[in-house]
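Each chain, written out:
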Amino acid sequence: MRGLNYSQLSAILFRVSSIQTARQLRRDQTDEEKELWRALRSHRFAGFKFRRQHPVGIYFLDFYCAAARLDVELDGFQHGVPEQMQHDEKRSTFLKEQDIEELRFWNHQWRKNREGCLLAIWDALQRRTGCVQVIKNVEEQRFVPPGEESIQRPTESNPSPRPAPRLAGRGS
């Protein structure tokens, strides 16, 4: 790589490394992530485009919608461990600084209430973009938003509160 200085070469190597890491993370998805990806991929979710394991800074976002600047995360038990909780807090702060909203669900929430999780995602997309549905490839869309009158909004703004330390490790 003739003519490149150290920082340029370093940036290229970091980019190659992050692409390889993202590919590996896509291959090593949990079952819950695979199921959620089936609902979100290929503009199937009300016409919004999502990316899997999208790199932002030093972090990889499970599912990212650029149009809404929305990150959707599915968390297993390891996110209830104090060290991981600290890491997640730093990550959340960084994403907030980038104007990226983060929605977090526990794996057990996805398993027990898929429709509720999808509705929370749709609600965040609608709130952040002002769009109810993207009218593009409508015939391929799997998630059709409900009518406004039938929506019951949750009273909590975050459907996945962090567990108390005594609950850490339960319910992945």
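The shown structure was predicted, so the numbers you read here are calculated from the model rather than taken from an experiment. (Residues numbered from 1 in each chain as written. Predicted model: local features only at pLDDT ≥ 70, side-chain atom pairs only at ≥ 80, totals over all residues. Heavy atoms only, no water.)

Draft legend 1. Geometry of the layout of surface pockets. Considering only enclosed or pocket space, the second largest pocket measures out at about 350 Å³ in volume. In terms of lining, the second largest pocket is formed by 21 residues, of which the most central are Glu33, Asp62, Leu74, Gln78 and His79. Elements that contribute at least two residues to the lining of the second largest pocket include exactly strand S2 (59-65), strand S3 (70-75) and helix H3 (82-97). No other element matches the four residues that H3 contributes to the lining of the second largest pocket. Each residue belonging to the lining of the second largest pocket can be placed in one class, and the counts come to four nonpolar, nine polar and eight charged. (1 Å grid on protein atoms, 1.4 Å probe; cavity = no way out; pocket = protein on both sides within 12 Å on 5 of 7 lines; lining within 4 Å. Points joined across faces, edges and corners; volume = space filled by probe spheres on them. Helix = DSSP H or I, 4+ residues; strand = E, 2+ residues; numbered from the N terminus. Nonpolar A, V, L, I, M, F, W, Y, C, P; charged D, E, K, R; others polar.)

Draft legend 2. Seen up close, H3. With 16 residues, H3 should cover 22 Å at 1.5 Å per step; its first-to-last C-alpha distance of 23 Å lies within 8% of that length. Here H3 has its buried residues at Met85, Asp88, Arg91 and Leu95. Along H3, the residues classed as buried sweep out an arc of 120° about the axis, all on the same side. Residues of H3 that are exposed and angled more than 90 degrees away from the buried face: Glu83, Gln86, Lys90 and Glu97. Where the residues of H3 are buried, they touch strand S1 (51-56), S2, S3 and strand S4 (101-106). Directly beyond the C-terminal end of H3, a positive phi value near 60° is found at Asp99. (Expected span 1.5 Å × (residues − 1). Buried < 20%, exposed > 50% of the residue type's maximum accessible area, 1.4 Å probe, protein only. Arc of directions from axis to C-beta. Contact = heavy atoms within 4.5 Å.)

Draft legend 3. Representation of the side chain of Arg104 within the structure. Among the secondary structure elements, Arg104 is positioned in strand S4. A relative accessible area of 5% means that Arg104 is categorised as buried. Of note is the side chain of Arg104, whose polar atom sits 2.5 Å from the side chain of Asp75. At 3.2 Å, the side chain of Arg104 and the side chain of Glu102 are in polar contact. (Polar contact = N/O pair within 3.5 Å; in protein donor to acceptor, adjacent residues only side chain to side chain.)

Draft legend 4. The pattern of salt bridges, seen in detail. The full count for this structure, using the stated rule, is eleven salt bridges. One salt bridge connects Glu32 with Arg111, and the closest N-O pair in it is separated by 2.5 Å. Of this pair, Glu32 sits in helix H2 (residues 31-40) while Arg111 sits in helix H4 (residues 107-112), and the two are 79 residues apart along the sequence. Assessed through its relative accessible area of 11%, Glu32 is described here as buried. With relative accessibility at 39%, the residue Arg111 sits in the partly exposed group. As a salt-bridge pair, Glu73 and Arg91 come within 2.9 Å of each other at their nearest N and O atoms. Of this pair, Glu73 sits in strand S3 while Arg91 is found in helix H3, placing the two residues 18 residues apart along the sequence. Taking relative accessible area as the criterion, Arg91 reaches 4% and is therefore assigned buried. One network of salt bridges, with partners in common, ties together Asp71, Glu73, Asp75, Asp88, Arg91, Glu102 and Arg104. (Salt bridge = Lys/Arg side-chain N within 4 Å of Asp/Glu carboxyl O.)

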